Amino acid sequence: MNIWSQMPFLRLLLPFLGGILTAVYSGLQFEFFNYIILGIFFLIIFFVFIKKLNVSYSYSWIFGTLVFAILFLNGFQLTNLHTEKYSANHFIKIENPDLIYAKCNELYLEKEKSYKIVMQILAERKNGKWNGVSGKAMCYFKKDSSSKQLRYGDCVVMKTNFTEIRPPQNPSEFNYKLFLSFHTIYQQAYIPSENWKLIRRNEGNPILSASYNLREYLLNIFRENKITGDEYAVGSALVLGYTDKLDQDLINAYASSGALHVLSVSGLHVGIIFIVANFLLLFLDKIKFGKPIKIFLLLFIVWFYSILTGMSPSVLRSAAMFSLIIIAKGWKYDTNIFNTLAVSCFALLLWNPYLIMEVGFQLSYLAVLGIVAVQPWLYEKWQPTNWLLNHIWVLISVSIAAQVVTFPLGLLYFHQFPNYFLFSNMIVIPISTVILVYGLFVLAVGKIAVVGIFCSKIFSWIVWLLNESVRLTEKTPGSLLQGISISILETWLIYFLIICILIFLFQKRQRFIYPALGILILILFLQVYENYRERNQKKFIVYNIPKTPAYDFISGKQNVFISNSKFMYNQSAVKFHVKHNWDDMGMENMKFIETNEKANYNTEKFFMNNNFMQFDSKKIVVIDSLPYFKNELKQKLQVDYLILSKNAKVRIKDLQKQFTFKKIIVDSSNSEWKNKKWKKECEELNIDFYSVIDNGAYIENLNHEI
């Protein structure tokens, strides 16, 4: 039997998916596509009702092409329909409104100095007249007692001017603007305490509102029963999908051990809920009308848990897939798991086509594909008769299958690979399963004073055991392979290589070994070229890191990085702003110099004496708050760049008396008013000026031929 005939929805999904991706990456709009879609629809109807055409095999390709085209165009137009900035009444169309009426679209996320909330903009007042508008914006409310009380569905009136979210300010930095655009958010604003007022409470979706309230009630049960610290953070993440209390060190430990997936509610958690609920409802199979009741209850439980835990892409995928399985198994329909996956994916993308751009959505579907396609083949190679060995082998084969198809995306997005993922999953998955099931039991008995405290202590011990096992794995030498950098092209090539190898192994088709070898050679060639480029690179970079001076001198695979210790010891900040750039450039040996030091450092390519530096042939002086730059020099010092830093108390015309220079660079440690002052002075004196604050990182490539 033709394998494609068993997976009709997979064939329908591919052109629909192609249309979505084309719309996302092209950013184009074509209103006439609606007329083309209508025309193709009538052609399909015409084709179906003319018997001579629809029964003839020689004309079947015409019907297939028409269906392919209409699915592709519908995917394209549906994506544009969900792109809110294309809406005629999007709030950015009204400039400088007097007041804005908005609703909290999500729960707030606590930041260091503010509460971050996605707001649905409902209306704007201009010249005394209110106008209904649409669109979402990222708002940062100043942290105080009033903003702390904001909840999902609360409506406020605020006075602010939105600004466009800035693109990445440093090379290879996480593209937060692109990430938010996939959630149809393009504007942001900071809201001081005096610039907003609460108008109404609880105007959101009643189902979501009830879900958030219930989750807060359940989290309070954990807190009332003295579950605190890392045990509370991990326990609430595993059971209820609440991740706000996870600190960066804990997240890094789970990532290094290959167990990060258990901290975000995913298919594993939904599957456990389904298995437990199905077991508890087995009695319904034996009573009259029990089957439809069981189907309804299972669907309710799966979707209720999905809503309760925040409806992440992986949870939505799992809930949609398990819903189809529940219905199919309940009515004894034969299902193909690949077709089931395709149906769930198609349905979710109809609801929100931008889900395909979610990393969690991509990894979730790929992991399931790996498990259903690769794991059975692996398991068949060895089927131990011992009960314990059999379950261990099942767990190992599942972990390998999921890792085989997800590791290329992991390398692309996270630049690392957990070497001990098999060992950690053998421990983490069973313990996290116990935590999830037992955690639900704790929530059920948590209000019973003595019982709740006793059960919660056991719960804390189990979570502690999980955390310690993860930390032990992280501390084991060689636990994490870091600094890996691959391109999107290399990612696709690795996937093609995996497909060819799997077909060769599964179906014994020897001809697939030749394209596999060809792809492998191409990947090796790209890596060799990348290594050659990295060894010959030479760059000078002034990064844009808020309130922080940061300079990078890169020669080959070595670099000298100059910044302050506060930034260097902030791992999350380093990872966000500069780490991925170091990975992409293949850095192997880094020297860190603290900006407050009066350092003397000398290598073949780089020389530094206090604030005077020379890199290759370029001479650089950092002008900061140090007083000795005010002293008159006997003669002008000739340099290439002057870097103004830390709000130095200098005037540009005074610098001209002491230095001959080609360009002035203002780094990100300066204030906005200083930046504007120096910019105005340079414009008046016709001096080449570059502001990192305004334009992002300054990058000087000193080896142009590479």
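Cut-offs applied
- Residues numbered from 1 in each chain as written.
- Predicted model: local features only at pLDDT ≥ 70, side-chain atom pairs only at ≥ 80, totals over all residues.
- Heavy atoms only, no water.
- Helix = DSSP H or I, 4+ residues; strand = E, 2+ residues; numbered from the N terminus.
- Rg over C-alpha atoms; globule rule 2.2 N^0.38 Å.
- Buried < 20%, exposed > 50% of the residue type's maximum accessible area, 1.4 Å probe, protein only.
- Contact = heavy atoms within 4.5 Å.
- Areas by Shrake-Rupley, 256 points an atom, 1.4 Å probe, with all protein chains shown as cover.
- Lys, Arg positive; Asp, Glu negative; His and termini not counted.
- Charge placed at Lys NZ, Arg CZ, Asp CG, Glu CD.
- Pairing = 2+ DSSP bridges.
- Axes fitted to C-alpha atoms, helices over the stretch in contact; angles between N-to-C directions.
- Salt bridge = Lys/Arg side-chain N within 4 Å of Asp/Glu carboxyl O.
- Core = buried A, V, L, I, M, F, W, Y, C linked by side-chain atoms within 4.5 Å.
- Expected span 1.5 Å × (residues − 1).
- Parallel < 35°, antiparallel > 145°, perpendicular 65-115°, else oblique.
- Nonpolar A, V, L, I, M, F, W, Y, C, P; charged D, E, K, R; others polar.
- Polar contact = N/O pair within 3.5 Å; in protein donor to acceptor, adjacent residues only side chain to side chain.
- Left-handed = near helix turned anticlockwise from the far one by under 90°.
- Phe/Tyr/Trp six-rings, centres within 6.5 Å; stacked < 30°, edge-to-face > 60°.
- Lys NZ or Arg CZ within 6 Å of the ring centre and 35° of its normal.

Participant: Lay out the overall build of the protein chain with the relevant residues and their values.
Facilitator: When helices and strands are counted, the protein chain shows 24 helices and 25 strands. Taking 706 residues into account, the globule formula puts the C-alpha radius of gyration at 27 Å, and the protein chain, at 29 Å, falls close to it. Each of the 706 residues in the protein chain was classed as buried or not, and the buried ones make up 48%. In the protein chain, of all internal contacts separated by at least 6 residues, the share reaching a separation of at least 24 is 66%. Put simply, the protein chain shows about 37,000 Å² of open surface, and 62% of that area lies on carbon and sulfur atoms. Measuring between centres, the 71 positive side-chain charges of the protein chain sit 5 Å from its 51 negative side-chain charges.

Participant: So what's going on with the sheet that holds strand S17 (residues 606-609)? Which residues, and what values?
Facilitator: Reading across from one edge, S16-S17-S18-S19-S21-S23-S24 is the order of the seven strands in this open sheet, with mixed pairing throughout. For this open sheet the edge positions go to strand S16 (600-602) and strand S24 (689-691), each flanked by a neighbour on one side alone. Within the sheet, the average angular offset between the axes of one strand and its neighbour, ignoring direction, is 20°. Direction of pairing for strand S21 (residues 641-644) relative to strand S23 (residues 663-666): parallel, over a ladder of four bridges. Residue pairing for S23: Leu 642 is matched across the bridge by Ile 664.

Participant: Lay out the pattern of salt bridges with the relevant residues and their values.
Facilitator: For the structure on display, the rule yields 17 salt bridges. For the salt bridge of Arg 201 with Asp 154, the shortest nitrogen-to-oxygen distance reads 2.5 Å. With Arg 201 in the loop between strand S9 (196-200) and helix H6 (206-224) and Asp 154 in the loop between strand S5 (136-142) and strand S6 (155-158), this pair connects stretches of sequence that are 47 residues apart. For Lys 677, the salt bridge goes to Glu 681, with nearest N and O atoms at 2.7 Å. A residue pair is termed a helical-turn pair when its members lie 3 or 4 positions apart in one helix, as Lys 677 and Glu 681 do in helix H23 (residues 672-685) at four residues. Overall, the relative accessible area of 30% leaves Lys 677 in the partly exposed class.

Participant: Tell me about the environment of Tyr 217, and please be specific about residues and values.
Facilitator: Position of Tyr 217 among the secondary structure elements: in helix H6. Here the alpha-carbon distance between Tyr 217 and Lys 680, two residues 463 residues apart in the chain, equals 56 Å.

Participant: Talk me through the pairing of strand S12 (residues 538-542); I want residue IDs and the actual numbers.
Facilitator: The buried fraction of S12 is high, at five of five residues. With burial as the criterion, each face of S12 is covered, one bearing Lys 538, Phe 540 and Val 542 and the other bearing Lys 539 and Ile 541. Alignment of S12 against strand S13 (residues 551-555), held across five bridges, turns out to be antiparallel. Bridged to Phe 540 within S13 is Phe 553.

Participant: Quick one: what's the story with the nonpolar core, residue by residue and with numbers?
Facilitator: Residues Val 234, Tyr 254, Leu 349, Ile 435, Phe 459 and Leu 466 are the most contacted members of the largest nonpolar core, which totals 84 residues. Not counting chain neighbours up to four residues away, the residues in contact with Leu 466 comprise Val 234, Leu 238, Tyr 254, Val 428, Ile 431 and Ile 435.

Participant: Talk me through helix H17 (residues 449-475); I want residue IDs and the actual numbers.
Facilitator: With 27 residues, H17 extends 39 Å between its outermost C-alpha atoms, agreeing within 8% with the 39 Å of an ideal straight helix rising 1.5 Å per residue. All of the buried residues along H17 are Gly 452, Cys 455, Ser 456, Phe 459, Ser 460, Ile 462, Val 463, Leu 466, Asn 467, Ser 469, Val 470 and Thr 473. Taken together, the buried residues of H17 touch H6, helix H7 (229-240), helix H8 (248-257) and helix H16 (421-445).

Participant: Which residues make up the packing of H6 against helix H10 (residues 290-308), and what are the values?
Facilitator: Relative placement of two packed helices is described by the angle separating their axes and the distance separating the axes. As a packed pair, H6 and H10 sit with axes 9 Å apart at the nearest point and diverge in direction by 75°. By the angle class used here, H6 and H10 are roughly perpendicular. In contact with Ile 207, Leu 208, Ser 211, Leu 214, Arg 215 and Leu 218 of H6, H10 contributes Phe 304, Ile 307 and Leu 308. When its residues are assigned to classes, the contact of H6 with H10 shows seven nonpolar, one polar and one charged.

Participant: For unusual backbone geometry, give the residues involved together with the corresponding values.
Facilitator: Within the chain, Lys 547 stands out as a residue other than glycine whose phi angle is a positive 60°. Structurally, Lys 547 can be placed in the loop between S12 and S13. A positive phi is found at Asn 686, a non-glycine position, where the angle reads about 55°. Considering the arrangement of structural elements, one finds Asn 686 in the loop between H23 and S24. You can call Asn 686 exposed: its relative accessible area is 69%.

Participant: Summarise the side chain of Ser 645; cite the residues concerned and give the values.
Facilitator: For Ser 645, the location among the structural elements is in the loop between S21 and helix H22 (652-658). Within the structure, the side chain of Ser 645 is placed 2.8 Å from the side chain of Asp 667, a separation counted as a polar contact.

Participant: An account of H10 is requested, with residue identities and associated values reported.
Facilitator: The periodicity of an α-helix, 3.6 residues per turn, causes residues three or four positions apart to be oriented the same way. The terminal C-alpha atoms of H10, which comprises 19 residues, lie 26 Å apart, in line with the 27 Å expected from a rise of 1.5 Å per residue. When we look at burial in H10, the residues that qualify are Gly 290, Lys 294, Ile 295, Leu 298, Val 302, Tyr 305, Ser 306, Ile 307 and Leu 308. Looking one or two residues beyond H10, the residue adopting positive phi is Gly 310, at roughly 105°.

Participant: Describe the sheet that holds strand S14 (residues 558-563), with residues and values.
Facilitator: Here we have five strands laid out as an open sheet, ordered S15-S14-S13-S12-S25, and mixed in their pairing. The sheet is open, and its two borders are formed by strand S15 (589-594) and strand S25 (698-701), each paired with just one other strand. Across this sheet, the average inter-strand angle for adjacent strands is 10°, counted without regard to direction. Relative to S25, S12 runs antiparallel, the two being bridged by four bridges.

Participant: Please give an account of the pairing of S6 that cites residues and values.
Facilitator: The alternating pattern of S6 places Cys 155 and Val 157 and Val 156 and Met 158 on opposite faces, both of which are buried. As judged from the four bridges shared by strand S1 (residues 99-104) and S6, these two strands associate in the antiparallel manner. By the bridge assignment for S6, Lys 103 is matched with Cys 155.

Participant: Summarise the packing of H8 against H17; cite the residues concerned and give the values.
Facilitator: It is the contact of H8 with H17, at a shortest axis distance of 8 Å, that shows an interaxial angle of 65°. Our pair here, H8 against H17, has a crossing hand that is left-handed. Listed contacts from H17 to Leu 250, Asn 252, Ala 253, Tyr 254, Ser 256 and Ser 257 of H8 are Leu 466, Asn 467, Val 470, Arg 471, Thr 473 and Glu 474. Its residues assigned to classes, the contact of H8 with H17 shows five nonpolar, five polar and two charged.

Participant: Can you lay out the environment of Glu 700 for me, pointing to particular residues and giving the numbers?
Facilitator: You can see Glu 700 is positioned in strand S25. Sequence separation between Glu 700 and Tyr 86 is 614 residues; the distance between their C-alpha atoms is 37 Å. Residues contacting Glu 700, with those up to four places away along its chain left out, are Lys 538, Lys 539, Phe 540 and Tyr 641. There is a polar contact of 3.2 Å between the side chain of Glu 700 and the side chain of Tyr 641.

Participant: Describe the packing of aromatic side chains, naming the residues involved and giving the relevant values.
Facilitator: Tallied over the entire structure, the rule returns 40 aromatic pairs. Ring geometry for Phe 553 against Phe 615: centres 5.5 Å apart, planes inclined by 65°, an arrangement best described as edge-to-face. Of this pair, Phe 553 sits in strand S13 while Phe 615 sits in strand S18 (residues 612-615); the two residues are 62 residues apart in sequence, bridging distant segments of the chain. Comparing Phe 553 with Phe 615, the two get one shared label, buried. Through a chain of ring-to-ring contacts, three or more aromatic side chains come together here, namely Phe 540, Phe 553, Tyr 601, Phe 606, Phe 615, Tyr 641, Tyr 690 and Tyr 698. A cation over an aromatic ring shows up here: Lys 143 above the ring of Tyr 115, its NZ or CZ 5.6 Å from the ring centre.

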